[in-house]
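Residue-level structure breakdown
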Amino acid sequence: MELYEYTVHELIEKLEKGETTSEEITKSYFKRIKEVEPKVKAYVSTLEEEALEKAKKIDEKRKSGEVLSKFAGIPIGIKDNMCIKGTKTTCSSKMLENFVAPYNATVIEKLNSEDLVYLGKLNMDEFAMGSSTEHSAFFITHNPWDLDRVPGGSSGGSAAAVAANMAPWTLGSDTGGSIRQPSSLCGVVGLKPTYGLVSRYGLVAFASSLDQIGPITKDVTDSAMLLNLIVGHDEKDSTSMDIEKKDYTKSLVNNVKGMKIGLPKEYLGEGINEEVKKAVLDVAKKYEEMGAIVEDCSFDVGQYATSVYYIIADAEASSNLGRFDGIRYGYRSEKYDNLKDIYRNSRTEGFGPEVKRRIMVGTYVLSSGYYDAYYKKAQKVRTVIKDAYNKLFEKYDLLLTPTSPTTAFKIGEKTENPLEMYLADICTVPVNIGGLPGMNIPCALDSNGMPIGFQLIAKSFNEEAIFRAAYTYEQNTNFRENKPSFKGGNN
């Protein structure tokens, strides 16, 4: 096995035994990136020189007997909407094409304190707006399982890099499913933590009440370890929760006996692909075999979640993206005679069509005469959705659903129909509306050999239940034996 094929916990074991070095691991990943990146196109930028220099220094410290974090020298990839000081943070947009971050995001400061090594910044839908990574201003990322298909989005680069062994783990951000949906389409593990568990300081905002940073990994153990590294209260983020820190690796127990799992019937109805439905029902049977109690339940208000999401998310996007005016920082048009021209032309040239669409919708729902009819009503329905979740979690430890209604679709298949693209998130957006934790776990392949994932949802701050159930499923199945084939590639 090549070093880039191992999980992080396996790499840590090899480092502790002296079987490899941080420099060797980092070199292995850059070798892999050079081999596969031209096909997949997951990275907006790579940081090879800086990464190898840091890995070498860590090896010297380790050799001299200096006490280091067990994660010191482990490489990681970062979605390109998180600030790393002195490094370009583009959000895959022409608007920020040359923006160099003057500070570190809080999650980066936390990773720095553990001496992780940055492989580079990963491609995404522009400003995290999309479900396919076709809306990047730079290039489309391809799914490693089939290069003619999308990897999902908006964290498509982060998920594709892990699936293609171009990073052992990555950070993504999830506003309406942007970690879980691409993880499902790429056959990897993706966790959206409870809102407020991980600081958003230094994450370029899309929708502030929905955004959350989380890990994308090869397996559940790595997910628990990476979550341990990034959680914690942050005074720089007013939405960061000040709660007692937990060790999520303690939840990695191979036992679900007595756990109660709800199976909402609405998630297995119209719009869900038959192969996806069968895979999720097979997972439910597997949990029953392992000793869990699985019951059908109802979450009928979930049907309103997508509408609520696109009103609230677009309204917040309209507000957040107002700072990109061609004056303070970012792209500035060269065609102007006055201040209005600078604003208009900079935004016209700097933003892509999907971002413009969402800004326009968001501005409309916040405008005088429409605020009460749309935005205010959406916030009321959001409360109804949260209450419905709370009632379900009085009875169940977890909810089991599909992560995506379909497997990866062909590149270009849905770009002409934005509404069809938005429906790719129907299984994931309710979790963000409720501020809950949710995880994608790979479980099967469809008839085209494309990955299918299922989603586990828990009540707020109960990531432990998700880790326990996900770990147990993983230990009793063999999905990780399946590998991407890199077939196709005509686009």
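Right, let's walk through the structure included here. Computed from a predicted model, the values in this text were never measured in an experiment.

Moving on to the packing of helix α1 (residues 8-16) against helix α7 (residues 220-230). Direction vectors running N to C along α1 and α7 enclose 80 degrees, while the axes themselves pass 8 Å from each other. Taken together, α1 and α7 sit at an angle that is classed as roughly perpendicular. Every residue of α7 that contacts α1 at Val 8, His 9 and Ile 12 is listed here: Thr 221, Asp 222 and Met 225. Of the residues in the contact of α1 with α7, the class split is 3 nonpolar, 2 polar and 1 charged.

Counting residues in each nonpolar core, the largest one holds 157 residues, and the members touching the most others are Phe 127 and Tyr 287. At 9 residues, helix α9 (residues 305-320) tops the list of elements feeding residues into this core. Contacts of Phe 127, omitting those with residues within four sequence positions, involve Cys 91, Ser 93, Met 95, Leu 96, Val 204, Phe 206, Leu 321, Phe 324, Phe 351 and Val 355.

What follows deals with the packing of aromatic side chains. Aromatic ring pairs: the centre-centre distance and the angle between the two ring planes describe each pair. A full pass over the atoms with the stated rule returns 21 aromatic pairs. Between the aromatic rings of Phe 324 and Tyr 329, the centroid separation amounts to 5.7 Å while the plane-to-plane angle is 85 degrees, which identifies the pairing as edge-to-face. An angle of 45 degrees between the planes, with centres 5.4 Å apart, marks the rings of Tyr 371 and Tyr 375 as tilted. Of this pair, Tyr 371 and Tyr 375 are both found in helix α12 (residues 371-395), 4 residues apart, which corresponds to roughly one turn of the helix. The class of Tyr 375 is buried, set by a relative accessible area of 13%. The structure contains a cluster of three or more aromatic residues connected by ring pairs, namely Phe 99, Phe 127, Phe 324, Tyr 329 and Phe 351. In this structure, Arg 347 packs its charged tip against the face of Tyr 343, placed 5.7 Å from the ring centre. Lys 414 extends its terminal NZ or CZ atom over the ring of Phe 409, reaching a point 4.4 Å from the ring centre.

Between its first and last C-alpha, helix α10 (residues 339-350) extends 16 Å over 12 residues, near the 16 Å set by a 1.5 Å rise per residue. Three or more residues of α10 are buried, namely Asp 341, Ile 342, Asn 345, Ser 346 and Gly 350. Relative to the axis of α10, the buried residues are bounded by an arc of 125 degrees and lie together on one face. The opening residue of α10 is Asn 338, an N-cap whose side-chain oxygen sits 3.2 Å from the backbone nitrogen of Lys 340.

Pairing in this open sheet of 11 strands is mixed, and the strands run β1-β3-β2-β4-β6-β5-β10-β11-β9-β7-β8 from one edge to the other. A single partner strand is all that each edge strand has here, and the edge strands are β1 (43-46) and β8 (293-297). Each neighbouring strand pair of the sheet contributes to a mean axis angle of 25 degrees, computed without reference to strand direction. In the packing of α7 onto the sheet, contacts are made with β2 (75-79), β4 (169-173), β5 (189-192), β6 (213-217) and β10 (438-445), and the angle to β6 comes to roughly 150 degrees.

Helix α15 (residues 463-475) packs onto α7 with a crossing angle of 155 degrees between their chain directions and a minimal axis gap of 9 Å. Of the possible angle classes, the one that applies to α7 and α15 is roughly antiparallel. On α15, the residues that touch Val 220, Thr 221, Ser 223, Ala 224 and Leu 227 of α7 are Glu 463, Phe 467, Ala 470, Tyr 471 and Glu 474. Within the contact of α7 with α15, the residues separate by chemical class into 6 nonpolar, 2 polar and 2 charged.

The rules behind the values
Residues numbered from 1 in each chain as written. Predicted model: local features only at pLDDT ≥ 70, side-chain atom pairs only at ≥ 80, totals over all residues. Heavy atoms only, no water. Axes fitted to C-alpha atoms, helices over the stretch in contact; angles between N-to-C directions. Helix = DSSP H or I, 4+ residues; strand = E, 2+ residues; numbered from the N terminus. Parallel < 35°, antiparallel > 145°, perpendicular 65-115°, else oblique. Contact = heavy atoms within 4.5 Å. Nonpolar A, V, L, I, M, F, W, Y, C, P; charged D, E, K, R; others polar. Core = buried A, V, L, I, M, F, W, Y, C linked by side-chain atoms within 4.5 Å. Buried < 20%, exposed > 50% of the residue type's maximum accessible area, 1.4 Å probe, protein only. Phe/Tyr/Trp six-rings, centres within 6.5 Å; stacked < 30°, edge-to-face > 60°. Lys NZ or Arg CZ within 6 Å of the ring centre and 35° of its normal. Expected span 1.5 Å × (residues − 1). Arc of directions from axis to C-beta. Polar contact = N/O pair within 3.5 Å; in protein donor to acceptor, adjacent residues only side chain to side chain. Pairing = 2+ DSSP bridges.

Just geometry here; none of it tells us what the structure is for.
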